[in-house]
Every structure is written in structure tokens, then in C-alpha cells.
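Notes for the structure review
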Amino acid sequence: MFGRFMPTEGKFFEYFNQHAECAVTAARELVDLINDLSNAEIHARRVQATEKKADRITHDTIDLLHKTFITPLDRDEIHKLITTMDDILDLMEDVAETILLYDVTSLTDDARKLAIICLQTCELVKIAVGLLEDMGNASTILKTAQQIDQLESEADTVMRSAISKLFREETDVKRLIKLKAIFEQLETITDKCEDVANIIEGIVLENA
């Protein structure tokens with residue numbers, strides 16, 4: 001009862017929004033990387049810089065969590081949301097590093113499709129996170145989460161088709177291994193966005 005009359009720390013939502021913006025920025029850079037492999041290192045460094053920025057936001061969020069008596073959401077929900085959002089950035093950095101380490105000089109349209117879906121899911125995560133401060137937005141948040149789920153299913157379909165085509169048509173074993181790894185990593189980004197959507201759905205159902 002006493003807790004209801006105590007001020008809550010609203011900066012958590014600012015951190016969520018800043019982090020979601022990092023995800024969109026990195027996803028755009030990843031699309032640029034895949035479309036501009038001749039400058040892969042430049043784009044990869046930008047993805048990595050954005051990932052480091054997101055890491056700092058995650059650290060600041062968790063630090064604030066330890067210092068805050070009354071939080072606007074359940075403490076476990078805040079921790080789970082920010083760390084799962086951070087996983088998205090980690091995975092995008094992994095894709096960029098894989099392309100550099102494997103010295104990938106050409107990619108397929110399927111890789112481009114997957115990168116675009118990654119960007120779309122990150123944009124939807126940003127929308128959902130931006131609405132989270134007001135539970136009056138519950139229905140819109142849930143609808144956005146459903147759109148993320150649909151895009152994840154689309155990415156899964158694209159990945160399966162791409163890998164199937166790869167095994168049918170690619171005769172260079174090294175290239176097959178490289179492309180398969182990149183397809184799977186890109187699809188995993190959308191999986192993680194879906195995880196974030198599921199966490200957000202849980203928060204809404206608990207608090208709306």
C-alpha cells in the first residue's frame with residue numbers, strides 16, 4: 001500500500017527507447033553492409049559502435065535498477081526486457097563480424113530479404129517499446145507484438161527456402177558453409193525480436 005504513494009523512476013522508459021533506437025540504427029547499417037560489401041569493414045565498425053552504445057545503455061539501466069526503490073514495472077521484467085533487447089544488438093554484431101571474418105564478397109537476394117526483415121522487426125520493437133510507458137496503449141502494443149511474430153515466421157520461411165536452394169545449387173562447399181551461417185544468424189535476430197515481443201506482451205497483460 002505504502003509503495004503506491006512513492007514516486008517511481010520513469011527513466012527506465014527513456015533507456016528502453018534509446019536502446020530500441022540503437023537496434024534500428026544497427027539494423028539499417030546491417031542492410032547497408034549486405035548491400036555494399038566492398039565497404040563491409042566500414043559498415044561493420046558502425047554496427048559494432050552502435051552495439052557498444054547499447055551495451056552502455058543496458059549497463060545504465062541495470063545500475064538504475066539496483067538504485068531504485070519503486071520501479072514502474074516489475075524488476076525482473078525490466079531486467080529481462082533490457083537484456084533481451086541487448087541480445088538483438090549482439091546478434092547483429094555477430095553477423096557483421098562473420099561477414100568480415102569469412103571474407104564474404106557476395107551475398108544472395110535471400111540474405112538481403114532477411115536483413116530487411118530484421119530491420120522491420122527492429123522498427124516494430126521500437127514502436128512497441130515507445131508505447132510501453134502508457135498502458136492505455138495496450139491494444140496497439142499487443143497488435144505490434146503480433147506483427148513482430150508474423151515477421152519472424154516470414155524470416156523463418158525465407159531462411160529455410162534459402163538454405164534448401166543453397167544445398168541444391170551451390171557447388172562451392174566453402175561458400176555454402178559461409179552463406180548458411182549468415183542466413184541462420186540473420187534469422188536468429190528476428191527470433192530475438194520475437195522474444196522481446198513476448199516479454200512486452202507479458203508486461204502488458206500483467207499491468208494493463
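Residues numbered from 1 in each chain as written. Predicted model: local features only at pLDDT ≥ 70, side-chain atom pairs only at ≥ 80, totals over all residues. Heavy atoms only, no water.

1. Focus: the overall build of the protein chain
Condition: Only DSSP runs of H or I reaching four residues or more are called helices, and only runs of E reaching two or more are called strands; each is numbered from the N terminus. Note on method: radius of gyration uses C-alpha positions; expected globular size equals 2.2 Å times residues raised to 0.38.
Within the protein chain, the secondary structure is distributed over six helices and zero strands. Written out in order from the N terminus, the α and β elements of the protein chain read α-α-α-α-α-α. Relative to the compact-globule value of 17 Å for 208 residues, the protein chain shows a C-alpha radius of gyration of 19 Å, a close match. Overall, the protein chain is about 70 × 30 × 20 Å in size when its C-alpha atoms are taken along their principal axes.

2. Here's the deal with the side chain of Glu 187
Formally: Burial classes: relative accessible area under 20% of the type maximum marks a residue as buried, over 50% as exposed, and values in between as partly exposed (1.4 Å probe, protein chains only). Neither His nor the chain ends contribute to the count of charged residues, in which Lys and Arg are positive and Asp and Glu negative. Salt bridge criterion: a side-chain nitrogen from Lys or Arg within 4 Å of a carboxyl oxygen from Asp or Glu.
For Glu 187, the location among the structural elements is in helix α6 (residues 173-207). The side chain of Glu 187 is buried and forms no salt bridge, while Arg 160, the nearest opposite charge, is found at 7.4 Å.

3. Remarks on the packing of helix α4 (residues 109-131) against helix α5 (residues 138-169)
The relative placement of two packed helices comes down to the angle between their axes together with the axis-to-axis distance. Selection criterion: For helices, the fitted line uses only the C-alpha atoms of the stretch in contact; every axis is such a line through C-alpha atoms, and the angle between N-to-C directions lies from 0 to 180 degrees. We call two directions roughly parallel when the angle between them is under 35 degrees, roughly antiparallel when it is over 145, roughly perpendicular when it lies between 65 and 115, and oblique otherwise. Handedness of a crossing follows from how the near helix is turned relative to the far one, being left-handed for an anticlockwise turn of less than a right angle and right-handed for a clockwise one. Contacts were defined at the residue level, with two residues in contact if any of their heavy atoms lie within 4.5 Å. Each residue gets one of three labels, nonpolar for Ala, Val, Leu, Ile, Met, Phe, Trp, Tyr, Cys and Pro, charged for Asp, Glu, Lys and Arg, and polar for the others, Gly among them.
It is the contact of α4 with α5, at a shortest axis distance of 9 Å, that shows an interaxial angle of 165 degrees. Classed by the angle they form, the pair α4 and α5 counts as roughly antiparallel. Regarding α4 and α5, the two cross each other, and that crossing is left-handed. Listed contacts from α5 to Asp 110, Lys 113, Leu 114, Ile 117, Gln 120, Thr 121, Leu 124, Val 125, Ile 127, Ala 128 and Leu 131 of α4 are Thr 140, Ile 141, Thr 144, Gln 147, Ile 148, Leu 151, Glu 154, Ala 155, Val 158, Met 159, Ala 162 and Lys 165. Looking at side-chain class alone, the contact of α4 with α5 contains 14 nonpolar, five polar and four charged residues.

4. A closer look at the nonpolar core
Which entries qualify depends on this criterion: Residues enter a nonpolar core if they are buried and are Ala, Val, Leu, Ile, Met, Phe, Trp, Tyr or Cys, with the set joined through side-chain atoms within 4.5 Å.
Counting 73 residues, the largest nonpolar core has Met 92, Leu 132 and Leu 186 as the members making the most contacts within it. If you list the elements that add at least two residues to this core, you get α1 (11-35), α2 (40-67), α3 (75-101), α4, α5 and α6. Of all the elements, α1 adds the most residues to this core, at 14 residues. Among residues more than four places away in sequence, those in contact with Met 92 are Ala 23, Ala 26, Ala 27, Leu 30, Val 47, Cys 122 and Ile 189.

5. Topic: the packing of aromatic side chains
Stated formally: Each aromatic pair joins two rings of Phe, Tyr and Trp (for Trp, the six-membered one) with centres within 6.5 Å, and gets the label stacked for planes under 30 degrees apart, edge-to-face for over 60, and tilted for any other angle.
Applying the stated criterion across every chain, the model contains one aromatic pair. Between the aromatic rings of Phe 13 and Phe 16, the centroid separation amounts to 6.1 Å while the plane-to-plane angle is 85 degrees, which identifies the pairing as edge-to-face. In this pair, Phe 13 and Phe 16 are both assigned in helix α1, three residues apart and thus about one turn of the helix distant. Using a relative accessible area of 0% as the deciding quantity, one classes Phe 16 as buried.

6. A word on the packing of α3 against α6
Packing of α3 against α6 leaves a shortest axis separation of 9 Å and a crossing angle of 170 degrees. Classified by the angle their axes make, α3 and α6 are roughly antiparallel.

7. A closer look at the environment of Leu 100
Tracing the chain through its elements places Leu 100 in helix α3. On the accessibility criterion, Leu 100 (26% relative accessible area) is partly exposed. When the C-alpha positions of Leu 100 and Ala 44 are compared, they lie 7.8 Å apart, and in sequence the two are 56 residues distant. In contact with Leu 100, other than residues within four places in its own chain, are Ala 40, Glu 41, Ala 44 and Arg 45.

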